[in-house]
Amino acid sequence: MPDYDAIIVGAGHNGLVTANYLARSGLKVLVLERRPFVGGACITEELFPDFRVSSCSYICYMLQDQVIEDLELRDHGFEVHQLEPYRFHPFPDGKYLLGWHDEKQTAEEVRRISPSDAKRYPEYVAFWEQAADILKRYFLKEPPTIAQIAADVRGTSDERVFERMLTGNTKELTEEYFESPEVRASFTDAQDAGDVRAPGSIMAIAYFKTAMLTDERNFGIPYGGMGGITQAMARSAEAYGVEIRTGVEIERISVTNGRAHGVVLTDSEEIASNVIVSNADPKRTFLRLVDPSHLEASFIDRIERLKNGVTYLKFHCALKELPDFSQHLGPDFDPQYLAQAKICPSVDYHEQSWSDAQRGDPSRSPVMSIQIPSVCDESLTPSGQHVMSVWVLYAPPQLREGSWDEANKRVGEHLIDTINGYAPNFSDAIIDWKLFTPPDLEERVYLTNGSIRHTDITVDQMLSQRFSHGASGYSTPIEGLYLCGAGTHPGGEVTGAPGHNAAQAILRLESN
Ligand SMILES: Cc1cc2nc3c(=O)[nH]c(=O)nc-3n(C[C@H](O)[C@H](O)[C@H](O)COP(=O)(O)OP(=O)(O)OC[C@H]3O[C@@H](n4cnc5c(N)ncnc54)[C@H](O)[C@@H]3O)c2cc1C
């Protein structure tokens, strides 16, 4: 008799979600995590003595409302600090834009810069809401094909929007609605599409815009950092009998006659189970944890070709005081305005960031998403001091010349100099800093290539083409082996959706 009904390889948030749903359906579930704590890329770590930091993901904006309700996460300590404004965007000449959840309030901000752009802003928001809604309908379902969505939207006003999502690019869209360079820079986004001119980049961005439809109570900075989410998930899972073991690494998934039936740990311990669910990314799962003799060569080839080359940096620092943005916000600004800030002075700057990374170089024009969570959560730092984390676009997985270790100090100092150009006290306020490059993220979280969403979210790796074209959903060519992580539909970020969907697929397929 196997020891468990299901073993989950990895305690990322999706692994914890799958474990939870399976346990609630009466299965005996074991979660195995190689790090000493649960959470994967959704964690809080003490990176500097007495300073706790969300070391990877930093904003909770796409965690599915249904998952929060089903798993009763609020009862287990999940709570976010809602952000108003949700973003401060300073420009080098002292101008700035604030983004508010309220559309009218943001339109007023835009009006300070361009009255004609303010007029178009509601239409721009409406476009994205419609695009996001088209995708969101399929988030907690088996992945649809593009043809299925096309059939569903045929003859409705969504048809035109869906066509635009598939074929259009975010650069032209932003130019169509806005004329001011600052407003265009503020709303420019490419995420894993990288190139703002890439056809289909609207589809890729619509994935992230589903956050516009998130219940506002679930959008913000979690108390205790992002680890607050996965700690709540672990407590909820344990309340339903899930067993969680940390500090144990799986070396191999055992397969006999085409069926997975257990795992072998790096210390040679073997544990048997009816079902194995991998929360690791598809490349790690199929190219490292499964013996290739159990897979067809053509399948291995497709997994090797999965794209995971759009990667990023993460910079953290402990601060003795807040960066001084008074040249933008005036002398008495509300520190809460610094909870989230964006550095991207122009669309050209964004494009250069991408083209540098494409060439294999650290970006000369780092686009930054800055967060100072300690302005709303004092538990993270010693009194009066702060932590700042910066997600930086873009960075190649490997450098064309030299190694990331060699470049680390130089690249970190360039980020500091860039922020100093906006907040002149910044470098003096730093107590200590760390820069995580793509290889660091791979080593720390086992994200192959440092890919933060397991594989890139691009139009050709979404919906039924996720986790791979010809292999959609959660089951795999090996019977009894499933995937539940960010590499599956609908995709990455802290959503819980892949974990939810994987559990539903397992319950349906294994009960037959
Ligand atoms: C720098 C960075 C910034 C981000 N910012 C945001 C953000 O602000 N908001 C947001 O929503 N998302 C963000 N993301 C993306 C998001 O964090 C991830 O997409 C998501 O957390 C992935 O969750 P997961 O459970 O699918 O997988 P993971 O978090 O990757 O978890 C997989 C787990 O499996 C474990 N594992 C792998 N192999 C083995 C093995 N052999 N044995 C045992 N354990 C194993 C790993 O240690 C890991 O804990 C960010 C990610 C990064 C890295």
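Look above for the structure.
What counts, and where the lines are drawn
- Residues numbered from 1 in each chain as written.
- Predicted model: local features only at pLDDT ≥ 70, side-chain atom pairs only at ≥ 80, totals over all residues.
- Heavy atoms only, no water.
- Helix = DSSP H or I, 4+ residues; strand = E, 2+ residues; numbered from the N terminus.
- Rg over C-alpha atoms; globule rule 2.2 N^0.38 Å.
- Buried < 20%, exposed > 50% of the residue type's maximum accessible area, 1.4 Å probe, protein only.
- Contact = heavy atoms within 4.5 Å.
- Areas by Shrake-Rupley, 256 points an atom, 1.4 Å probe, with all protein chains shown as cover.
- Lys, Arg positive; Asp, Glu negative; His and termini not counted.
- Charge placed at Lys NZ, Arg CZ, Asp CG, Glu CD.

Quick look at the overall build of the protein chain
Phase 1: A count of helices and strands for the protein chain gives 18 helices and 20 strands.
Phase 2: Here the C-alpha atoms of the protein chain give a radius of gyration of 22 Å, agreeing with the 24 Å that 2.2 N^0.38 yields for 512 residues.
Phase 3: Principal axes of the C-alpha set define a box for the protein chain whose edges measure 70 × 60 × 50 Å.
Phase 4: For the protein chain, the residues scored as buried account for 61% of the 512 residues in total.
Phase 5: Considering only contacts within the protein chain whose residues lie at least 6 apart along the sequence, 73% involve residues at least 24 apart.
Phase 6: As displayed, the protein chain has an accessible area near 19400 Å², and 46% of this comes from carbon and sulfur atoms.
Phase 7: The positive charge centre, built from 47 side chains, and the negative charge centre, built from 74, are 3 Å apart in the protein chain.

Topic: unusual backbone geometry
Phase 1: Going from Glu84 to Pro85, the amide bond is cis rather than trans, its omega being 0°.
Phase 2: Tracing the backbone shows Pro85 in the loop between strand E5 (80–81) and strand E6 (87–90).
Phase 3: Across the junction of His489 and Pro490, the peptide omega takes the value 0°, indicating a cis bond.
Phase 4: By the element assignment, Pro490 lies in the loop between strand E20 (481–483) and helix H18 (497–510).
Phase 5: With phi around 50°, Glu72 is a residue other than glycine that occupies positive phi space.
Phase 6: Within the secondary structure layout, Glu72 lies in the loop between helix H2 (65–70) and E5.
Phase 7: Judged by relative accessible area, Glu72 falls into the partly exposed class, the value being 30%.
Phase 8: Residues other than glycine seldom take positive phi values, yet Glu493 does so here, at roughly 80°.

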